[in-house]
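Report on the structure
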Amino acid sequence: MRDAYEVIVVGSGVAGLSVALGLAGRRRVALVTSGEFAGGSTRWAQGGLAAAIGADDRPALHAEDTVIAGVGACDHDAVAVLTDGAAPGLVGLLDLGADFDRDAEGHLALTREGGHHRRRVVHAGGDATGAEVSRVLAAAVRDAPIDVITADVTDLLLSSSTYRPQVTGVIADGVELTARAVVLATGGVGGLYPVTTNPAEVAGEGLGLALRAGASLVDVEFVQFHPTALAVDGIAGQIPLVTEALRGEGAVLIDGGGARIMADVHPLADLAPRDVVARRIDQVRATGDRVFLDATRITDLCDRFPTVIAACGRYGVDPIVSPIPVAPAQHYLCGGIRTDLWGATDVAGLYAVGEVAATGVHGANRLASNSLIEGAVFARRLADRLASALPQRRAAGDAVAAPSAAAGDVAAIQRAMASGAGIRRSAQQLAVSRRAITALPSSDRALAADAILAAAAAREESRGCHWREDFPTTDATFQRHVVVRLGADGRCEAAVAGDLERTA
Ligand code: SIN
């Protein structure tokens, strides 16, 4: 059976919902989502949405913090698109009815998170911002002329009728759905790791689909680990986040003896960028010590952070009276499918937005609370682009098939990623992990894992959230992107490419 759409959007997080909504009534659009509608990573986001709306703030300052956090690897044009578009993006969500928290005067309440020099993080329900963003977007999509289809997208349809291949649709639960444009908004790679703050079913499938269609990935070695996930015995899979906004409100990181661990490490101390804090916690834990987040001095903890309080409570931890045990956990993929500033990949008919895409905003380390807003801002641009022009219609071609990952493979992938592509990396361990992945049956998850390992091996320096024990310094001569493509042998090939900062 075939059905013809103008645009098919794959994924129902902030980016997928936003792009579908932006196209509703302008194009015949289907949104294909696996599992639960609006059930991906977005609704788990606690912290918020960064936007320079405070009286002491401006987009250029937000851009400056984004670029500093990105350690020389951000695309400045992309950063400007984000920071200039953040306030209008917020207004778009408010227009849909988003109930963001307000101060006593009725203004949007702003907090700080790591790497921000201003209070500019808008939040909802205290620490349930993603749930609110997801709620309003999902409700609007349900009311809009959008076909919502619950199915797994296993393949892209690729027309080979011209010398330049073009994506012409998807195979969803075995059914061919054709379209003039396919937008991947499939999220990140949390499920490739044994411990993540994301739903475990979000595991890099979008990267595999894109690679098999001939698209390139960029910056995928930059896997961000959130410094503070709940660390209690036996916890694994998707584990509760302990939001960075707690540190914005005064919580501090301490070791098992009660000494502060960030005070002498960075001028911003506990609010240093995420990669710095995650590495420091990892270092302390490597000595056999434990790390805690002491939030006991925050007076309105229950009202302001109900999600954290409830999650800790489920594991017998009461943050009101005792410090919270924390450890880093995989959190976000800073790179992804290479796109231009309007979401186009290097394959005709294929677009990407949200965490699966690499717009160039995040560089080597994403600034806190830049992800939900990036999804909203870039989705709106992509919707406008696709509303004004679509690729030529082509006959649907053959699907490029790959089997899906078996459950046993998932555990093997997670083991390989934890030992090879964790916070600390080395050539030797990356090679061992790549061999383990190559021995597995081919799958999109295995391809995504291979891409990250290959890119991490190619970047022979340390930068942002890519930390090489064998190349421990940031190398100014290594101001280059690492691009990954699928080779003829079905393995990923990583190559060091053009300048990191196109407009610097
Ligand atoms: C957090 O609440 O700490 C996470 C926010 C983010 O990842 O941007």
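Thresholds applied
- Residues numbered from 1 in each chain as written.
- Predicted model: local features only at pLDDT ≥ 70, side-chain atom pairs only at ≥ 80, totals over all residues.
- Heavy atoms only, no water.
- Helix = DSSP H or I, 4+ residues; strand = E, 2+ residues; numbered from the N terminus.
- Rg over C-alpha atoms; globule rule 2.2 N^0.38 Å.
- Buried < 20%, exposed > 50% of the residue type's maximum accessible area, 1.4 Å probe, protein only.
- Contact = heavy atoms within 4.5 Å.
- Areas by Shrake-Rupley, 256 points an atom, 1.4 Å probe, with all protein chains shown as cover.
- Lys, Arg positive; Asp, Glu negative; His and termini not counted.
- Charge placed at Lys NZ, Arg CZ, Asp CG, Glu CD.
- Disulfide = S-S within 2.5 Å.
- Near = heavy atom within 4 Å.
- Polar contact = N/O pair within 3.5 Å; in protein donor to acceptor, adjacent residues only side chain to side chain.
- Nonpolar A, V, L, I, M, F, W, Y, C, P; charged D, E, K, R; others polar.
- Phe/Tyr/Trp six-rings, centres within 6.5 Å; stacked < 30°, edge-to-face > 60°.
- Lys NZ or Arg CZ within 6 Å of the ring centre and 35° of its normal.
- Pairing = 2+ DSSP bridges.
- Axes fitted to C-alpha atoms, helices over the stretch in contact; angles between N-to-C directions.
- Parallel < 35°, antiparallel > 145°, perpendicular 65-115°, else oblique.
- Left-handed = near helix turned anticlockwise from the far one by under 90°.
- Core = buried A, V, L, I, M, F, W, Y, C linked by side-chain atoms within 4.5 Å.
- Salt bridge = Lys/Arg side-chain N within 4 Å of Asp/Glu carboxyl O.

Looking at the overall build of the protein chain
- When its secondary structure is counted, the protein chain shows 13 helices and 24 strands.
- Against the compact-globule benchmark of 23 Å for 504 residues, the protein chain has a radius of gyration of 21 Å, which places it among compact chains.
- Dimensions of the protein chain, computed from C-alpha atoms along their principal axes, come out at roughly 65 × 55 × 45 Å.
- Counting every position in the protein chain, which comprises 504 residues, the buried fraction comes to 61%.
- When contacts within the protein chain are restricted to residue pairs at least 6 apart in sequence, those whose partners lie at least 24 apart make up 71%.
- For the protein chain, the accessible area works out to roughly 18300 Å², and carbon and sulfur atoms hold 51% of it.
- Averaging the positions of the 46 positive and the 59 negative side-chain charges in the protein chain gives two centres separated by 3 Å.

A short note on the state of the cysteines
- Across all of its chains, the model carries zero disulfides by this definition.
- Free cysteine: C465, not disulfide-bonded; nearest cysteine sulfur from C334 at 4.0 Å.

Some details on the site of the ligand
- Every residue close to the ligand is listed here: Q46, G47, E113, H226, L241, T243, E244, R274, H331, R366, A368 and S369.
- For the ligand, an oxygen atom lies 2.7 Å from a polar atom in the backbone of E244.
- Separating an oxygen atom of the ligand from a side-chain N or O atom of R366 is a distance of 2.8 Å.
- Taking 260 Å² as the accessible area of the ligand by itself, protein coverage stands at 95%.
- Along the lines of polarity and charge, the residues of the shell around the ligand split into two nonpolar, six polar and four charged.

Quick look at the packing of aromatic side chains
- A complete count under the given rule lists one aromatic pair for this structure.
- Over the face of the ring belonging to Y332 we find R366, whose NZ or CZ atom lies 4.1 Å from the ring centre.

Overview of the sheet that holds strand 3 (residues 49-50)
- Taken together, the three strands give an open sheet; going across it, the order is 3-5-4, and neighbouring strands pair in antiparallel fashion. The open sheet terminates on both sides in strands that have one partner only, identified here as strand 3 and strand 4 (110-111).
- Alignment of strand 4 against strand 5 (residues 121-122), held across two bridges, turns out to be antiparallel. Across the sheet, T111 pairs through a bridge with V121, a residue of strand 5.

So, the pairing of strand 15 (residues 291-294)
- Here strand 15 shows no split at all, with V291 and L293 on one side and F292 and D294 on the other all buried.
- Both strand 14 (residues 252-255) and strand 15 contribute to a ladder of four bridges, which runs antiparallel. Across the sheet, D255 pairs through a bridge with V291, a residue of strand 15.
- Where strand 15 meets strand 16 (residues 324-333), two bridges bridge the pair, whose relative direction is antiparallel. Looking at strand 16, one finds that L293 is bridged to I324.

Concerning the packing of helix 1 (residues 14-23) against helix 10 (residues 371-388)
- For the pair helix 1 and helix 10, the least separation of the axes is 8 Å and the interaxial angle reads 30°. The angle between helix 1 and helix 10 places the two elements in the roughly parallel class. As helix 1 runs across helix 10, the sense of the crossing is right-handed. Here helix 1 contributes V14, A15, S18, V19, G22 and L23 to the contact with helix 10, which in turn contributes L372, G375, A376, A379, R380, L382, A383, L386 and A387.
- Along the lines of polarity and charge, the residues of the contact of helix 1 with helix 10 split into 11 nonpolar, three polar and one charged.

Remarks on the side chain of T33
- Topologically, T33 is positioned in strand 2 (residues 29-33).
- Taking the relative accessible area as the measure of exposure, T33 reaches 3% and is therefore buried.
- Separated by 2.8 Å, the side chains of T33 and S12 make a polar contact.
- Those residues in contact with T33 that sit more than four places away from it in its chain are S12, V148, I149, T150 and A151.

Looking at the packing of helix 1 against helix 4 (residues 129-143)
- Interaxial distance between helix 1 and helix 4 falls to 10 Å at its minimum, and their mutual angle equals 35°. The two elements helix 1 and helix 4 cross, and the hand of that crossing is left-handed. Taken together, the residues of helix 4 that come into contact with helix 1 (itself represented by V14, L17, S18 and L21) are V133, S134, L137, A138, A140 and V141.

Quick word on the nonpolar core
- Counting residues in each nonpolar core, the largest one holds 60 residues, and the members touching the most others are I8, L184 and L192.
- Not counting the four nearest positions on each side in its chain, I8 is found in contact with A30, V32, V170, L177, T178, A179, A181, V182 and V183.
- Of all hydrophobic cores here, the second largest spans 53 residues; its members include L82, L90, A98 and F100.

Here's the deal with the pattern of salt bridges
- One pass over the structure, following the stated rule, counts 26 salt bridges.
- Of the charged contacts, one joins R338 and D346 as a salt bridge, the two residues approaching to 3.8 Å between their closest N and O atoms.
- Given the relative accessible area of 33%, D346 is considered partly exposed.
- In this structure, the salt-bridge partner of D450 is R434, at a minimum N-O distance of 2.8 Å. Of this pair, D450 sits in helix 13 (residues 444-458) while R434 sits in helix 12 (residues 427-438), and the two are 16 residues apart along the sequence. With respect to burial, D450 and R434 carry one shared label: buried.
- Residues participating in the shared-partner salt-bridge network are E221, R459, E461 and R463.

Treat this as a map of the structure, not an account of what it does.
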